[in-house]
Every structure is written in structure tokens, then in C-alpha cells.
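Commentary on secondary and tertiary structure
Okay, here's what each chain looks like letter by letter:
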Amino acid sequence: MAVKKPEKHLTFSRRSVRRGATRYGRLVGSIRGLLENARRTAVRAVNGMLVATCWEIGRRIVEFDQHGKRRAAYGKGLVEKLSRDLAPLGRGFSERNLEQMRAFYLQWPISQTLSAKSETRGLRTLAEQLRLSWSHYVRLLNVKNENARRFYEAECLRGGWSIRQMERQIDSQFYERTALSRNKAAMLIKNQREENPLTPEQEIKDPYVLEFLGLKDEYSENQLEEALILHLESFLLELGANFTFAARQKRMRIGDEWYRIDLLFYHRRLRCLVLIDLKLGKFTHSDAGQMHMYLNYAKAHWTNPDENPPVGLILCAQKDESVAKYSLEDLPNKVLAAEYRTVLPEEKAIVEELNRTRLSLLKRWAKPKQTQ
């Protein structure tokens, strides 16, 4: 009796089924990805058209109120009447919202006038220039300082801040603190050269405000580190848009001893690792020496060939500028020291110091250059 041999055919069929299932899985995955991308694109497009429409409504209110004059007379009765007459079109036309649209147009001047034949195209052009959500712009309208408003808008676009993140930065006076931090006050001067190479000093702020940690008057370095990890999202926001978290308590063996760096980050624009050492007390010269050793190790063992040398940041509760200067200057490795504060500084003190810094910079740059 002849023996049947179905095994080879059966194996071939099973392989075909597996290959078919794999191809089908890829098809499903690609369609899902396509739909998700289309939905995200649609949401962005709808949001952009909404913002552009709000701006255009504001423009029409202002221009109607001007009656061809250079300045608007602006009477509240216009907005009240307009709100009543637009109410049948749906929600969103309250007097307050119309006031915001009017203010939006005035605070974000864009050379754009829509004709009846090209309204859709014109709105799309506007949407390309107004890239935040309407909620973002409404919050920014409450920022009275124009420089600060432009700064928050730019940082929000650069960092992809949510409305909650942006509110936290505004409430914690991020603009004023950034302007006061070392080498950052120059951002207030319009002739700052953006083409200059990015340096660690420009990306490392001083001081950092960590009020979101909720720490009491007394706490240990371990409690400080735990709180930073627990509030990592807020800490990354305070550090800046280009920092990414890599590790905590990263171990290194040097000689016969083990050492640990408290926090390890990577900076995308600087293209380097950033080692952070936390200090509860005052910055000392020995802190600089210890960080210098850590950086030598990180450069030899953790840095990829296409990356720049690592940077060290000593985050301390108090820093004497003279001690920091003579401890950190001319080191082969880049080591920076910055203070942290667990409470927000008073706004009045920040504004006074900011004005002093502005005047100092203007006087310094107004001096004629000495001829050689």
C-alpha cells in the first residue's frame, strides 16, 4: 500500500497562510496609521481655520468701527448688537468672545484682506501664520508686555507646549526669569544675533524655579531628587524644550569605587549629554572638581562618536558668583553652576531687576568701540 505524503504540501500551505497573515497585518497597520494621521491632520486643519476665522472676524469688527478713519471709535454697543444678531448661528459669539477676537486682530497684525472670491484660500494663508490654538491665543492676550507675549508664543511653538504648560510658564514668570538668567538678558535687545553658535551658557538657565515640587523648608537630596522625578514633566518644562531625560543615579566605576550622577539628560540642539548633580547647600570648588571627573568618565564611556563632549550642571541652593567664576573658568570640560529656588520670586523684584539689567546692557552696547 502506497504511503501518502501530504506533509510537504501542508507545510507549504501553513507558510503561505503565515505570510498572508503577516502581509494582512501590515495592511491593517498601514491603514490605521493612515487614518490616525488623517485625523490629526484634520484636527490641525480645523483648528487652523478656526483661529484664522477668529482673526478675520476681529479685523472686520475693527474696520467697521473705524468707518474709514485711521483710529477706531470703538463703542461697546457694536459688540453687544453683533453678539445678539450672531447668536442664532451657534455658540461662541458672546460679547466676551467677540471682544477677544477684536483684540486678537489688533495684537497680531498681519497684512491680509480676504476677498469674497478667495476667502477659503485667504483663511488657509492666515492659518499658516497663526499656528497655535485659539485657547493659546486667548491666554496670550492677557500678557500685557508685548515682548513677553511674543516670547511665549515663540517658545510655545518651539517646545510644543500644551495650554496647561504655557499657563504654568506664564504664571511662573518664565519670560522675566529667563531674561535675568546669565547671558539671557540679551534676548530683550532686538539686535541680538541669532546666527551665533548655540552655547551651553545660553541653554542653561540660572536660577531655576522649582515651586511645583511642593517641598517643605527642610528636605534631603534624596527627597529633592524623588520630587524632581515625580514631577519630571514640569522639570523638563523648566529646563527647556531641548532636554530629554536619560537616567537617574547613573552609575560609573572609577578605579575601585562606584560613583553616581544624580540625573542624566540629553540636549538635542547641543547634541550632548548633560550631567546634573544636586546640592542642597552652597556651591563649593570641590563640587566643580567632582563634576570634572564625572565628565571625563562620561566623555570616555557614554558619549557617541557623533556627539559633542558632555556638559555638567551643578544645581545648588546657593552660589557665590566669585567662587563659581574661579572654580569653573578655563576647565577643559564645560561645567556650569545654577541656583534653584522652591518658591516663586516676587514679581515686583523681578521687574526692578529686569529694568536694571536692560539699562546696563543698553549702556554697555551704546559705548563706542575702541579703535585699534
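Scope of this entry: the structure provided in the associated data block. Computed from a predicted structure; not experimentally measured. (Residues numbered from 1 in each chain as written. Predicted model: local features only at pLDDT ≥ 70, side-chain atom pairs only at ≥ 80, totals over all residues. Heavy atoms only, no water.)

1. Digging into the packing of helix α7 (residues 163-171) against helix α11 (residues 232-239)
Operational definition: What counts as an axis is a line fitted to C-alpha atoms, over the stretch in contact for a helix, and the angles between N-to-C directions run from 0 to 180 degrees. The way it works is that DSSP assigns letters per residue, a run of H or I at least four long becomes a helix, a run of E at least two long becomes a strand, and they are numbered from the N terminus. Orientation labels follow simple angle bins: below 35 degrees gives roughly parallel, above 145 gives roughly antiparallel, 65 to 115 gives roughly perpendicular, and whatever is left gives oblique. If you view the pair so one helix is near and one far, a crossing is left-handed when the near helix is turned anticlockwise from the far one by less than a right angle, and right-handed when it is turned clockwise. Every residue pair with non-hydrogen atoms within 4.5 Å of one another is taken to be in contact. Under the grouping applied here, Gly and all other residues not named as nonpolar or charged are polar, the nonpolar ones being Ala, Val, Leu, Ile, Met, Phe, Trp, Tyr, Cys and Pro and the charged ones Asp, Glu, Lys and Arg.
Axis separation between α7 and α11 bottoms out at 11 Å; the angle between their running directions is 60°. Here α11 runs oblique to α7, going by the angle between their axes. For the pair α7 and α11, the sense of crossing is right-handed. Of the residues in α11, those touching α7 at R164, Q165, R168 and Q169 are E233, S234, L237 and E238. The class makeup of the residues in the contact of α7 with α11 is 1 nonpolar, 3 polar and 4 charged.

2. With respect to the packing of aromatic side chains
To be explicit about the condition: In this scheme Phe, Tyr and Trp rings, the latter by its six-membered ring, pair at centre separations within 6.5 Å, and the angle between planes marks the pair as stacked below 30 degrees, edge-to-face above 60, and tilted otherwise. Buried, partly exposed and exposed residues are distinguished by accessible area as a fraction of the type maximum, computed with a 1.4 Å probe on protein chains only: under 20%, between the cut-offs, and over 50%, respectively.
Throughout the structure, instances matching the rule amount to 14 aromatic pairs. Here the aromatic rings of W108 and Y137 are separated by 5.1 Å at their centres, their planes lie at 80°, and the arrangement is edge-to-face. Pair noted here: W108 is in the loop between α3 (95-107) and α4 (119-129) and Y137 is in helix α5 (residues 134-140), with a separation of 29 residues, a long-range link. Comparing W108 with Y137, the two get one shared label, buried. Summarising the aromatic geometry, the rings of F243 and F265 are spaced 6.4 Å apart at their centres and angled 80° between planes, so their arrangement reads as edge-to-face. With F243 in strand β2 (residues 243-254) and F265 in strand β3 (residues 257-267), this residue pair connects regions lying 22 residues apart in the sequence. The pair formed by F243 and F265 is uniform in burial state, with each residue classed as buried. An aromatic cluster is present here, built from F151, Y152, W161, F174 and Y175 joined pairwise through their rings.

3. Description of a positive patch on the surface
Cut-off, in case you're wondering: Residues enter patches when their relative accessible area tops 30% and they take part in no salt bridge; the joining distance is 9 Å for like charges and 5 Å for the nonpolar side chains Val, Leu, Ile, Met, Phe, Trp and Tyr. Per-residue accessibility takes into account occlusion by the displayed protein chains alone, with areas from the Shrake-Rupley method and a 1.4 Å probe. Put simply, a salt bridge is a Lys or Arg side-chain nitrogen that is within 4 Å of an Asp or Glu carboxyl oxygen. Residues counted as positive are Lys and Arg, residues counted as negative are Asp and Glu, and His and the chain ends are not counted. Taken as the charge location is NZ of Lys, CZ of Arg, CG of Asp or CD of Glu.
Side chains of R14, R15, R18 and R19 sit close together on the surface and give a patch of like positive charge. Secondary-structure assignment places R14 in helix α1 (residues 7-66).

4. Points about the sheet that holds β2
Put simply, the test is: DSSP-based pairing: two strands are paired if at least 2 bridges between them are found.
Across the sheet, which stays open at both edges, the 6 strands sit in the order β1-β6-β5-β4-β3-β2 with mixed pairing between neighbours. Both outer strands of the open sheet, β1 (208-209) and β2, are each paired with one neighbouring strand and no more. Alignment of β3 against strand β4 (residues 272-282), held across 5 bridges, turns out to be antiparallel. Each residue of the ladder has a partner; that of F265, found in β4, is V274. The strands touched by helix α12 (residues 285-301) are β2, β3, β4, β5 (311-318) and β6 (334-341); relative to β4, the strand with the most contacts, the crossing angle is about 160°.

5. Focus on the nonpolar core
Cut-off, in case you're wondering: Buried Ala, Val, Leu, Ile, Met, Phe, Trp, Tyr and Cys residues that are joined via side-chain atoms within 4.5 Å together make up what is termed a nonpolar core.
Core analysis: the biggest nonpolar cluster contains 35 residues, and F104, Y137 and Y152 have the highest contact counts within it. Elements supplying a minimum of two residues to this core: α1, α3, α4, α5, α6 (146-159), α7 and α8 (174-180). Element by element, the count of residues in this core is highest for α1, at 6 residues. What Y137 contacts, discounting residues up to four positions off in sequence, is V51, F104, W108, Q129, L130, R131, L132 and E153. Listed in part, the 25 residues of the second largest apolar core include L239, F265, V311 and A338.

6. Structural notes on the side chain of R59
Note the cut-off: Polar contact is defined as a pair of N or O atoms within 3.5 Å, subject to the rule that within protein one atom must be able to donate a hydrogen and the other to accept it, and that residues adjacent in sequence are counted only when both atoms are side-chain atoms.
Along the polypeptide, R59 turns up in helix α1. Of the polar contacts made by the side chain of R59, one reaches the side chain of E56; its length is 2.5 Å.

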